[in-house]
Amino acid sequence: MISLALLAFMVSLVATLWMRRLFHRHAGAYAEDAPQRFHVGDTPRMGGAGLLAGWALALAVLPLLQWAHLAGNIDRMRLNLPLWLLMLLPAFAGGVLEDMTQRLTVRWRLLLTLTSGLLAWWLLDVSVPQLGFGWLDAHWRAVPWLGVALAVLAVTGLPHAFNIIDGYNGLAGMVALVVCLALAHVALQVGDRELAAMAVALAAATAGFLVWNYPRGLIFAGDAGAYLWGLLIATISLLLVQRHPVVSPWFPVLLLIYPVWETVFSIYRKLWRGVSPGMADALHLHQLVYRRLVRSVLHEDEARNMLMRNNRTAPYLWGFIALTVVPAVLFWRYTGVLMAFCLLFAVSYVVAYVSLVRFKVPRVFQRSRF
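Below or above, wherever it landed, is the structure these notes cover.

### Re the overall build of the protein chain
Line of reasoning, step 1. Secondary structure summary: the protein chain contains 17 helices and 0 strands in total.
Line of reasoning, step 2. Residues classed as buried in the protein chain amount to 52% of the 370 residues present.
Line of reasoning, step 3. Intrachain contacts of the protein chain at a sequence separation of at least 6 include 76% that bridge at least 24 residues.

As structure tokens, then:
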């Protein structure tokens, strides 16, 4: 696992830097008044290509690592990388096209991620075989298409959830890295070294990307990177629960509750305001943290000023994420406990959001050095 991680990290590190240099002069420009713009200048959004290179090449070289006795006893027969790449292709290609042109409509992006979700079911046989409720699971298994539909919905939706939280340097990348490490830990606990290898390679590739993304913001993951994180993490999570009934289906729910709840809550508040859920705005939790919690930086250089404020936003959310990842890893077997923590997070999120909207921020956060 260590050799696999080192290889994925180094390939991603080099590939991301190469993407940055290749697209530095051809970065798609955001409009100056775009709600998702929190930087000065035009930064390449092709970090997803570096992530894919690190993850895929490391796994492709895995048989060689096994031959050299550097990869433990990972089951090479079940590691069917071509099928995983084929599953990624529609959504990732659409993400790259959006990152380069910024002209792909929300409808097309949803359609492409749905195509990848259907391919995940067709090629990798993902499904949700149980919900964690003994009295309901028997009825749930009697209608298999319900588990397939829920799995396709999860694989389709999580890429967009990661895209929503990908607003500041180091935020979505750190969420992906921590979630992948948690998935790898539980996969190893149940003896699934294949899924552990998938998760470790993605975590290491993400770490290579973060070297250039945080704190300097030299390159962004873009839609392609967010879609890659969402598709792979959703598929790994579903297969982990599907293969090992001892793992509660609420383990990945709690693990990913931050991006998922951010998406659900955003859809709710936009519909409540009479706005299309696909319309971009600047009212996500991380954007409110940027405006209401992060201290202003006095610097003569406007770009430097905005970069420093940008970098101070992610640590607030990292602490928020730890409150979900830690209990998920500790109680990955126990559905009741995991559900309770999911409810606690949802309530805490709403309270924090309302407090930020109403400028009722606790003094301990107002005095933070971030």
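There is more to say after this.
### Overview of a nonpolar patch on the surface
Line of reasoning, step 1. Taken together, the side chains of W108, L111, L114, L118, W121 and W122 define a hydrophobic patch exposed on the protein surface, amounting to about 660 Å² of accessible area.
Line of reasoning, step 2. Here L118 is to be found in helix 5 (residues 106-124).
Line of reasoning, step 3. L118 gets classed as partly exposed once you look at its relative accessible area, which sits at 40%.

### What to know about unusual backbone geometry
Line of reasoning, step 1. Between Y214 and the following residue, P215, the backbone shows a cis peptide bond with an omega angle of 5°.
Line of reasoning, step 2. Here P215 is to be found in the loop between helix 9 (193-213) and helix 10 (222-243).
Line of reasoning, step 3. Phi angles above zero are rare outside glycine, and Q102 is one such case at about 55°.
Line of reasoning, step 4. Considering the arrangement of structural elements, one finds Q102 in the loop between helix 4 (81-101) and helix 5.
Line of reasoning, step 5. Since its relative accessible area comes to 23%, Q102 is described here as partly exposed.
Line of reasoning, step 6. Unlike most non-glycine residues, D125 shows phi in positive territory, near 60°.

### Topic: the pattern of salt bridges
Line of reasoning, step 1. Counted according to the given criterion, the structure contains 5 salt bridges.
Line of reasoning, step 2. The shortest N-O distance in the salt bridge between D99 and R45 comes to 3.2 Å. In this pair, D99 is assigned in helix 4 and R45 in the loop between helix 1 (2-23) and helix 2 (47-60), connecting sequence segments 54 residues apart. Like R45, D99 is buried.
Line of reasoning, step 3. Each member of the salt-bridge network shares a partner with another, and the members are R45, D99, R109 and D223.

### Here we look at the environment of T113
Line of reasoning, step 1. In this fold, T113 is placed in helix 5.
Line of reasoning, step 2. In this view, T113 contacts A91, T156, P159, H160 and Y227; residues no more than four positions away in its chain are not counted.

### Quick look at the packing of aromatic side chains
Line of reasoning, step 1. A complete count under the given rule lists 11 aromatic pairs for this structure.
Line of reasoning, step 2. Judged by centre distance (6.2 Å) and plane angle (15°), the ring pair of F331 and F341 falls under stacked. With a gap of 10 residues between them, F331 in the loop between helix 15 (314-330) and helix 16 (335-357) and F341 in helix 16 connect regions that are remote in the sequence.
Line of reasoning, step 3. Each residue in the set F265, Y268, F345, Y349 and Y353 is aromatic and connected to the rest through ring pairs, giving one cluster.

Calculation rules
Within any chain, residue numbers begin from 1 and follow the written order of that chain's sequence. Thresholds applied to this predicted model are a pLDDT of at least 70 for local features of residues and 80 or more for the giving and counting of side-chain atom pairs; totals over whole chains, interfaces and linings are not thresholded and use all residues. Side-chain numbers come from the whole structure's heavy atoms, not from hydrogens or water. For helices the rule is a DSSP run of H or I covering at least 4 residues; for strands it is a run of E covering at least 2, with both sets numbered from the N terminus onward. For every residue, the accessible area (1.4 Å probe, protein chains only) is compared with the maximum for its type, and the residue is labelled buried under 20%, exposed over 50%, or partly exposed between those bounds. Here, residues are in contact when the closest pair of their heavy atoms is within 4.5 Å. Each patch is built from salt-bridge-free residues with over 30% relative accessible area, joining like charges within 9 Å and nonpolar side chains (Val, Leu, Ile, Met, Phe, Trp, Tyr) within 5 Å. Calculation of accessible area relied on Shrake-Rupley with a 1.4 Å probe; when residues are assessed, cover is drawn exclusively from the protein chains displayed. When a carboxyl oxygen of Asp or Glu is within 4 Å of a side-chain nitrogen of Lys or Arg, the pair counts as a salt bridge. Pairing of aromatic rings covers Phe, Tyr and Trp, the last through its six-membered ring, and needs centres within 6.5 Å; plane angles under 30 degrees mean stacked, over 60 mean edge-to-face, and all others mean tilted.

Shape is all these values report; function is a separate question.
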